[in-house]
Amino acid sequence: NAGVTQTPKFQVLKTGQSMTLQCAQDMNHNSMYWYRQDPGMGLRLIYYSASEGTTDKGEVPNGYNVSRLNKREFSLRLESAAPSQTSVYFCASTGQGDLMEAFFGQGTRLTVV
Amino acid sequence: GEDVEQSLFLSVREGDSSVINCTYTDSSSTYLYWYKQEPGAGLQLLTYIFSNMDMKQDQRLTVLLNKKDKHLSLRIADTQTGDSAIYFCAERRGGSYIPTFGRGTSLIVHP
């Protein structure tokens, strides 16, 4: 059982380049999330998706777009990367039970130069 | 202000107890969680407490919840070097499925 899988693990981009971070979960979870983690800032929610076909902005959505391709996959796109987007990006999903434990991917370390 | 607040760093000696504190603001929070992040990895659920409980114990871990003060703590007994990690407090408010995380406390364990 793979859980939440993110690709790539590392990426270096030049300012202005675009890229898509991929995320897939195999736990049949409805809800999926993208967070960024910066030193001293903790985890900040970028976008989330309550279910297939719906997406909503989180705390820091500017400069990002998302696609909930199907129930399994939730991608994050940077259209024109900026140095301020240098961060570690985590995808997560939550199950349907009372506890709603969040499961995280291993993260993508992105550097924009 | 922040929804969930934690101190950023805690340093302890191996074998001592560690206590990581957290305050939250939403009294409707149903579940409160502690997640652990080891270097280079994603977060993993360490333990949790339901809002109608005051305490939960799980081996070396003790979670205390003071609902009146909206204060949550995680005590790790006999702290080991393998406990060095970042610990995140998180809440899930009533009616919401979205977890809200604190900034994380970096626990450093000295031999």
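A.B. asks: Explain the packing of aromatic side chains residue by residue, including any values.
C.D. replies: Residue and element names in this part refer to chain A. Under the definition given, this model contains 13 aromatic pairs over all chains. For the pair Tyr35 and Phe104, a centre-to-centre distance of 6.0 Å together with 35 degrees between the ring planes defines the contact as tilted. Remark: Phe104 occurs in strand E10 (residues 102-104) and Tyr35 occurs in strand E4 (residues 31-38); sequence separation between them is 69 residues. Given the relative accessible area of 9%, Phe104 is considered buried. Centroid distance Tyr64 to Tyr89: 5.9 Å. Interplanar angle 65 degrees. Geometry classified as edge-to-face. Residue Tyr64 is located in strand E7 (residues 64-68), and its partner Tyr89 is located in strand E9 (residues 87-94); the two are separated by 25 residues in the primary sequence. In this structure Tyr89 comes out as buried when scored by relative accessible area, which is 0%.

A.B. asks: Could you give an account of the sheet that holds strand E8 (residues 71-76) of chain B, naming the residues involved and the relevant values?
C.D. replies: Residue and element names in this part refer to chain B. Across the sheet, which stays open at both edges, the five strands sit in the order E1-E3-E8-E7-E6 with antiparallel pairing between neighbours. The open sheet is flanked by strand E1 (4-6) and strand E6 (55-58), the only strands paired with a single partner. On average, each strand axis in the sheet is tilted by 15 degrees relative to the strand beside it, whichever way the strands run. In the sheet, strand E7 (residues 61-66) pairs with E8 via six bridges, with the strands oriented antiparallel. For Leu64, the partnering residue across the bridge sits in E8 and is Ser73.

Calculation notes
Residues numbered from 1 in each chain as written. Chains lettered and ligands numbered in written order. Predicted model: local features only at pLDDT ≥ 70, side-chain atom pairs only at ≥ 80, totals over all residues. Heavy atoms only, no water. Phe/Tyr/Trp six-rings, centres within 6.5 Å; stacked < 30°, edge-to-face > 60°. Helix = DSSP H or I, 4+ residues; strand = E, 2+ residues; numbered from the N terminus. Buried < 20%, exposed > 50% of the residue type's maximum accessible area, 1.4 Å probe, protein only. Pairing = 2+ DSSP bridges. Axes fitted to C-alpha atoms, helices over the stretch in contact; angles between N-to-C directions.

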